[in-house]
Amino acid sequence: MPKIEVNEKLFFNLLGETYDYDTLENRLTCGKAELDEKPDMSVNADDRVIKIELNDTNRPDLWSTGGVARQLRLHKGGTHADYTAFLSKPGTLADCGSRTVTVDPALKEVRPFMTAFVISGKPIDEPMLLDIIQTQEKLCWNFGRKRRSISMGVYRSALIQWPVHYVAVDPDKTSFVPLQCDQPMTCRQILSDHPKGKDFGWILKDAKKFPLLKDDKGEVMSMAPIINSATLGAVKVGDSDLLVEMTGTDMPSLLLATNIVACDFADAGYTILPCKVEHPYDTGFGKTIVAPYYFQEPAHATLHAINKVLGSSLSAAEAKKALERMGNTVSVEAGSDAVLTVLPPPYRNDFLHEVDVIEDVMMGMELSYFAPEKPRDFTIGRLSPVTLFSRKAKTLMVGLGYQEMIFNYLGSKRDYIDRMNIDGKDVIEISNPMSENYQFVRPSIIASLLGAEAGSGNAIYPHKIFEIGKVAFLCGEEVTGTRTRQSLGFVTAAGDANFNTVASEVATLLHFLDHEYCVEESDDPRFIPGRQARLLVNGSAVGVFGEVHPAVLENWAITVPCVAGELDIEALM
């Protein structure tokens, strides 16, 4: 979970009052946070650091000193800040004057999107500068997938000549002096020789052109998302006007991160000046983006649902007040069952379902409002029928010479889709993953098994492995739009692995599971055409098996023939 360090003086100044640490620990629960470490009291009061652990990855707005202070302030009944002066909305774009950024069409396939704004007002002091750096790191590392989908740069605006240009350049012919250096380096050299290039160069290493940000004089500002220049990108204590830019590959996440940083600065007393970014292609929000930009959709919940889920008897007014204490703007439609419509603040975009609204009501009321109750139902623990049936199937697979494996349910697009030669139209993608390695829910166990086989080339053949576990996929018949099933997957890797072998093992398995079956021709792209079959029980498809396609084996760098199959355990019960 994210952890942040906040300067005690800055934090309490933003909060508007001072707490002792026990009170602070109690108040932090409204933001799903807790004290990770109290300050060293021997340190000067102005330099003390409070360490806070955040327990909710859905609220990146809380990953900064200003974000936590704002949540605590609002939860205690503080006034909502008015961000409308600098927020654009669909159909209404704020005036930017000369603050314009042009985007090179060649960036569409490299790093296509950008947002920007300028902060003006009082000079930046050291605690605020350190907090800017921390916010940049937390947002871009955690929320931005290690800078892959979001990166952030800060520059001295007074030295920039507008308009700014976001261009694609030849990495071997373009050079500038990066931060922490005093000599020019080519963009390609930075990836191999600069510390930040070594850390984040993997993002650009396969690109033919690299993204570069420069002003109208041609002065380089940064090579996103790797490193700023040592001139315009070297922000120091005392600077009063700063340009904040963000580049990335996911526009909604980019806009949300932009709003978060802008609102933090606004709460700290700075003036926010929007910037216009002109893309030559559509971003999903139009070609011209003026940020900060309000793009959140309203969320709804009925009072009946709120009270049913929370086990409470709240009135519409109480639920409305609770939601407002979490920073939302709320309206109530009266009736036999009141409907609460929630407009999230610009720095939040975590309302995906009615239950998210209900959770905010709970947090707004505080957990102490809900009296603990003893369970009223008497139950006896026992294994579920699907677990008992799965255990029987496991015993049979072990009897057939297979070794059981256990894998993660989350994985990457490369493993679940690309390497398996499928189109991926039914694969569930996580909307805000922490890593691309855990971006998709597995639709099949076979990919996991082939991943294990790919790393087992030195083991004596044959290899026979299986797993019984959950798979999930998109399904319009379900209320949730997805369906989760218990599945049996197996793979055999051997020099003589063939369709006849796997067909005999499937026949043995179904015989001892007391099922009659038949097969029909299948066209699954994971298997060789003509050497695969769909398994039917009572006329319904319950699985598939066959010889794994050579292209799939090549994708996994597997050098021996493989047969595989997968059966729906729940359909066989």
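Every value quoted in this text rests on a predicted model; they were computed, and no experiment measured them.

1. Topic: the nonpolar core
In terms of nonpolar packing, the biggest core is built from 79 residues, with Phe11, Ile52, Leu72, Ile124, Leu243 and Phe265 touching the most fellow members. Of the domains in this structure, domain 1 (1-80) and domain 2 (81-291) are the two that each give at least three residues to this core. For Ile52, the residues in contact, after removing those within four places along its chain, are Pro2, Lys3, Ile4, Val6, Leu28, Ala33, Glu34, Leu35, Asp36 and Val68. Core analysis: the second largest hydrophobic core is formed by 28 residues, Phe466, Ile468, Phe499 and Val563 among them.

2. Considerations on the packing of aromatic side chains
What the rule picks out here adds up to ten aromatic pairs. One aromatic cluster is present, formed by Tyr83, Phe86 and Tyr347 through successive ring pairs. The lysine or arginine in question, Arg70, covers the ring of Tyr347, its NZ or CZ lying 3.9 Å from the ring centre. Note that Arg147 overlies the ring of Phe200, its terminal NZ or CZ placed 3.9 Å from the centroid.

3. Re the pattern of salt bridges
Evaluated as defined, the whole model comprises 35 salt bridges. Put simply, Glu17 and Lys76 hold a salt bridge, and the shortest N to O gap is 3.0 Å. With Glu17 in the loop between α1 (8-15) and α2 (21-27) and Lys76 in the loop between α3 (65-75) and β4 (100-103), this residue pair connects regions lying 59 residues apart in the sequence. Glu17 gets classed as partly exposed once you look at its relative accessible area, which sits at 30%. A salt bridge links Asp267 to Arg73; its shortest N-O distance comes to 3.9 Å. In this pair, Asp267 sits in helix α7 (residues 251-267) while Arg73 sits in helix α3, placing the two residues 194 residues apart along the sequence. Note on Asp267: relative accessible area 22%, which makes it partly exposed.

4. Brief notes about the sheet that holds strand β17 (residues 329-333)
Sheet strands associate in pairs through backbone hydrogen bonding, adopting either a parallel or an antiparallel arrangement. Across the sheet, three strands lie side by side as β16-β18-β17; this open sheet has antiparallel pairing. For this open sheet the edge positions go to β16 (299-302) and β17, each flanked by a neighbour on one side alone. Going from strand to strand, the sheet's axes swing by 20 degrees on average, the running direction of each strand aside. The pairing of β17 with strand β18 (residues 339-343) spans five bridges and is classified as antiparallel. Counterpart to Ser331 in the pairing with β18 is Thr341. Relative to β16, helix α8 (residues 303-310) is tilted by about 70 degrees, and along the sheet it contacts β16 and β18.

5. Description of the side chain of Arg99
Relative to the helices and strands, Arg99 is located in the loop between α3 and β4. Put simply, Arg99 is tucked away with no salt bridge, and the nearest opposite charge, on Asp95, sits 6.5 Å away. Here Pro274 takes part through its backbone oxygen, which lies 2.8 Å from a polar atom of the side chain of Arg99. Each residue touching Arg99, except ones within four places of it in the same chain, is listed here: Val118, Trp162, Leu273, Pro274, Cys275 and Lys276.

What counts and how
For every chain, the first residue of the written sequence is number 1, and numbering continues from 1 along that sequence. Selection of residues for local features in this predicted model requires a pLDDT of at least 70, selection of side-chain atom pairs for listing and counting requires 80 or more, and totals for whole chains, interfaces and linings are taken over all residues. Excluding hydrogens and water, the side-chain figures rest on all heavy atoms present in the structure. The term nonpolar core refers to a set of buried residues drawn from Ala, Val, Leu, Ile, Met, Phe, Trp, Tyr and Cys, joined through side-chain atoms within 4.5 Å. Relative accessibility thresholds used throughout: buried, under 20% of the residue-type maximum; exposed, over 50%; partly exposed, between the two (1.4 Å probe, protein chains only). Each domain's limits were defined by an automated method or a database of domain assignments. Residues count as neighbours in contact if any of their non-hydrogen atoms are within 4.5 Å of one another. Only the six-membered ring of Trp is used, alongside the rings of Phe and Tyr, when aromatic pairs are assigned; centres must lie within 6.5 Å, and planes under 30 degrees apart are stacked while those over 60 apart are edge-to-face, with the rest tilted. By definition, being over a ring means that NZ of Lys or CZ of Arg is both within 6 Å of the ring centre and within 35 degrees of the ring normal. The salt bridge criterion pairs a side-chain nitrogen of Lys or Arg with a carboxyl oxygen of Asp or Glu, the two atoms within 4 Å. Only DSSP runs of H or I with at least four residues qualify as helices, and only runs of E with at least two residues qualify as strands; both kinds are numbered from the N terminus onward. For two strands to pair, DSSP has to find at least two bridges joining them. Lines are fitted to the C-alpha atoms to define the axes, a helix being fitted only along its stretch in contact, and any angle between axes, read from their N-to-C directions, falls within 0 to 180 degrees. Counting rule for charge: Lys and Arg are taken as positive, Asp and Glu as negative, and neither His nor the chain ends is counted. We define a polar contact as two N or O atoms separated by no more than 3.5 Å, with the added condition that, inside protein, one atom must be a possible hydrogen donor and the other a possible acceptor, whereas residues neighbouring each other in sequence contribute only through side-chain atom pairs.

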